[in-house]
Amino acid sequence: MLLVSDYQVLLERLPIGLIYQCHRAGKQFSATTANQAAYKLLSLNGQQDLQTQLNKIEFEMDPELSSSAKKICLDATLIKQAMNGDYINRRDLMVDSRPLHLQSEIIPTADGEWRLLCIQPRDHRLFVQASETGDILNAEISLRDTLAFDKLISRLSTQFINTSQKDVEPRINETLAALGEFCQADRTYIFQFNNQLNKQSNTHEWVREGITQHIDELQNLTENILPWFFKHIRQEGIFVIHDVDKIPEAGASEQALFRLEDIQSVICVAMYAAGQLIGFVGCDMVARQRQWSEADIRRIKLVGEMIANALQSQRYLESLEQTRQELMSVNQRLQHLAQKDALTGLANRRHFDNTLDMELRRAKRQRLPLSLALLDIDMFKAYNDHYGHPTGDAALKSLSLLLQKHFQRSGELVGRYGGEEFAIILPGRTIEQAAKDFAQLQTKLAEQAITHPCSTITNSLTISVGICALPLENDVKQITTTRLIANADQALYQAKKEGRNRVITRPIE
Ligand SMILES: Nc1nc2c(ncn2[C@@H]2O[C@H](COP(=O)(O)OP(=O)(O)OP(=O)(O)O)[C@@H](O)[C@H]2O)c(=O)[nH]1
């Protein structure tokens, strides 16, 4: 058996608060002592006399557990009783609003005995399991606890329901914090499988103040790192370790990892979505060991289900959004294609007509100039006949490119209007300005010198252009796209008639 002095050293080191007296056989000894933990818990100080301070302690009834919530001052009676060797076990008291559990103990030694009053911060949730049969107070506490947790869950799930997709992440973090606080855990977290279901990553983590975070290190873990853990999660949907030191040989890797992270107890519960395992939610105890109760398991399961649902609907919404984006971009591409001429990449006739209609309305509304040109390659039949259709196609493409480069002002649009006929909308350009633009285009085309051996005009490819425009002074209300096109066509016809390779303007009739 240990000697008194051995006990004294030991008691000082204990994390539980202790008020104690030593009683040697045959001698009455009444000096009361308190260990460091008791000093902390009861807010004692080293300067004043301990006995005086103990006498002044006010124990209050925990209002959570008493309907009267009456403050009762027990003075040091409880301490005195314990020191007299009476049995004390009170779980309904508080000191300075701190819930405490007081329990007396008598420990025999080789030369006498120790009388102790053990003082621990009371977390009724932690002591539910240790309750004695018929302990009505604990039953009541447990019931209150269940109700409190159910309330919390219902508040959190209402929040989840009313949460937009962008707020799901903070909600999950909030829920993990609530779980951690309620279960008095040191760390709570979520792990999720990747799409191939072969790797897990820590996606959300809450830690109590002073506890190290591990989220960054726990990414893309494969099952072979923690085979025993994954076997449990897959087969049983739950993994409970009360004491990491007692993990069997099969869980050696798990034990090493937990020790590395200073984990003493751990619990993980699988999360499922549409019947498929998508990850797990877990709680770690770092500061102390923990016997996980059935109530803890139930709580963690509930939280896991809630988070799994939120994650699942987030995934649905994300994939819905992705599909919507893909559809939109396919639509845009299709729309783009539907507006283009396949050979030249210019606007096709339909797109051109729609745009002309729109530009005409705008020009009328804003009283702005608008010119329209029709353009045709001279003697293209002869060109085709000489070189063949494919070379004819190439010539059409070269001219298209030149047109596109030349007409790049805002709103200008080049379209393929017929076989070797092109049309150009020039918003904001008067007929004179448009004529100048096409004269410059002719020069550029001449510079390209696309050989046309059968032309009677020059030995390279030339174009004829007919332009018409909205009159600036007259009333334009009655002018339609058909009239604009007809006038431009007549101007083009005139250009052909007058010898080709020229630009003819024609004010609208
Ligand atoms: N290579 C090629 N040729 C085309 C295409 N579309 C129309 N053509 C040809 O363009 C030629 C047009 O000939 P015409 O309408 O007789 O006019 P032209 O020979 O250019 O004579 P003018 O217009 O009076 O100077 C025809 O030979 C058509 O086959 C096309 O997509 N590719």
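A few points on the structure. Everything numeric here is computed off the predicted structure, so don't read it as measured data.

**Notes on helix 7 (residues 168-183)**
Then comes step 1: Look at helix 7: 22 Å from first C-alpha to last across 16 residues, which is about the 22 Å you get at 1.5 Å a residue.
Then comes step 2: Backbone geometry just downstream of helix 7 places Q184 in the positive-phi region, at approximately 55 degrees.

**Some points on the packing of aromatic side chains**
Then comes step 1: Tallied over the entire structure, the rule returns 12 aromatic pairs.
Then comes step 2: The interplanar angle of 75 degrees and the centroid separation of 5.3 Å between the aromatic rings of F229 and F230 together place this pair among those described as edge-to-face. The exposure classification of F229 matches that of F230, with both residues buried.
Then comes step 3: Ring centres of F352 and Y417 lie 5.8 Å apart, and the angle between their planes is 75 degrees; on these two criteria the pair is classed as edge-to-face. Taken together, the positions of F352 in helix 11 (residues 349-366) and Y417 in the loop between strand 14 (413-416) and strand 15 (421-427) put the pair 65 residues apart, joining distant regions of the chain.
Then comes step 4: A residue is classified by how much of its surface remains accessible, and Y417, at 10% relative accessible area, is buried.
Then comes step 5: One aromatic cluster in this structure is built from Y189, F191, W228, F229, F230, F239, F258 and F280.
Then comes step 6: In this structure, R349 packs its charged tip against the face of Y417, placed 3.7 Å from the ring centre.

**Thoughts on the pairing of strand 16 (residues 463-469)**
Moving residue by residue along a regular strand, the side chains alternate between the two faces of the sheet.
Then comes step 1: Burial of strand 16 is extensive: 7 of the 7 residues sit out of reach of the surface.
Then comes step 2: Of the two faces of strand 16, both are covered, the one formed by I463, V465, I467 and A469 as well as the one formed by S464, G466 and C468.
Then comes step 3: Pairing of strand 13 (residues 370-377) with strand 16, which is carried by 7 bridges, proceeds in the antiparallel orientation. Residue pairing in the sheet places I377 in a bridge with I463 of strand 16.
Then comes step 4: Across 3 bridges, the pairing between strand 16 and strand 17 (residues 503-505) is parallel. Bridging across to strand 17, G466 finds its partner in I504.
Then comes step 5: The parallel pair strand 16 and strand 17, bridged by helix 15 (residues 481-497), forms a crossover whose chirality is left-handed.

**As for the pairing of strand 4 (residues 89-95)**
Then comes step 1: Summarising burial for strand 4: 5 of the 7 residues are buried, a large majority.
Then comes step 2: Here strand 3 (residues 60-61) pairs with strand 4 via 2 bridges, running antiparallel. If you follow E60 over to strand 4, its bridge partner there is M94.
Then comes step 3: The pairing of strand 4 with strand 5 (residues 98-109) spans 5 bridges and is antiparallel. Of the residues in strand 5, the one forming a bridge with M94 is P99.

**Brief notes about the environment of P15**
Then comes step 1: Along the polypeptide, P15 turns up in the loop between helix 1 (4-13) and strand 1 (17-24).
Then comes step 2: The exposure class of P15 is exposed, given its relative accessible area of 70%.
Then comes step 3: For the pair P15 and A38, spaced 23 residues apart in sequence, the C-alpha to C-alpha distance is 8.8 Å.

**A word on the sheet that holds strand 14**
Then comes step 1: Spatially, 14-15-13-16-17 is the arrangement adopted by the 5 strands of the open sheet, whose pairing is mixed. Every other strand in the sheet has two partners, leaving strand 14 and strand 17 as the edge strands with one partner each. Each adjacent strand pair in this sheet contributes to an overall mean axis angle of 20 degrees, direction not counted.
Then comes step 2: Across 4 bridges, strand 14 lies against strand 15 in antiparallel orientation. Paired with R416 across the strands is F422, a residue of strand 15.
Then comes step 3: Those strands touched by helix 15 are strand 13, strand 15, strand 16 and strand 17, and its axis lies near 145 degrees from that of strand 16.

**A look at the environment of C283**
Then comes step 1: Within the secondary structure layout, C283 lies in strand 12 (residues 276-285).
Then comes step 2: For C283, a relative accessible area of 0% corresponds to the buried category.
Then comes step 3: For C283 and I263, which are 20 residues apart along the polypeptide, the C-alpha to C-alpha distance reads 10.0 Å.
Then comes step 4: If near-sequence neighbours (up to four positions away) are discounted, C283 is found in contact with L179, A185, R187, T188, Y189, S265, V266, I267, W292 and I300.

**Remarks on the sheet that holds strand 12**
Then comes step 1: Sheet architecture is open: 6 strands sit in the order 9-8-7-12-11-10, paired in antiparallel fashion. Sheet topology places strand 9 (221-222) and strand 10 (238-241) at the edges, where each strand pairs with a single neighbour.
Then comes step 2: Pairing analysis gives 7 bridges linking strand 7 (residues 187-193) to strand 8 (residues 199-207), with the strands arranged antiparallel. Counterpart to F191 in the pairing with strand 8 is N202.

Conventions we followed
Residues numbered from 1 in each chain as written. Predicted model: local features only at pLDDT ≥ 70, side-chain atom pairs only at ≥ 80, totals over all residues. Heavy atoms only, no water. Helix = DSSP H or I, 4+ residues; strand = E, 2+ residues; numbered from the N terminus. Expected span 1.5 Å × (residues − 1). Phe/Tyr/Trp six-rings, centres within 6.5 Å; stacked < 30°, edge-to-face > 60°. Buried < 20%, exposed > 50% of the residue type's maximum accessible area, 1.4 Å probe, protein only. Lys NZ or Arg CZ within 6 Å of the ring centre and 35° of its normal. Pairing = 2+ DSSP bridges. Right-handed = clockwise from strand over helix to strand, strands pointing away. Axes fitted to C-alpha atoms, helices over the stretch in contact; angles between N-to-C directions. Contact = heavy atoms within 4.5 Å.

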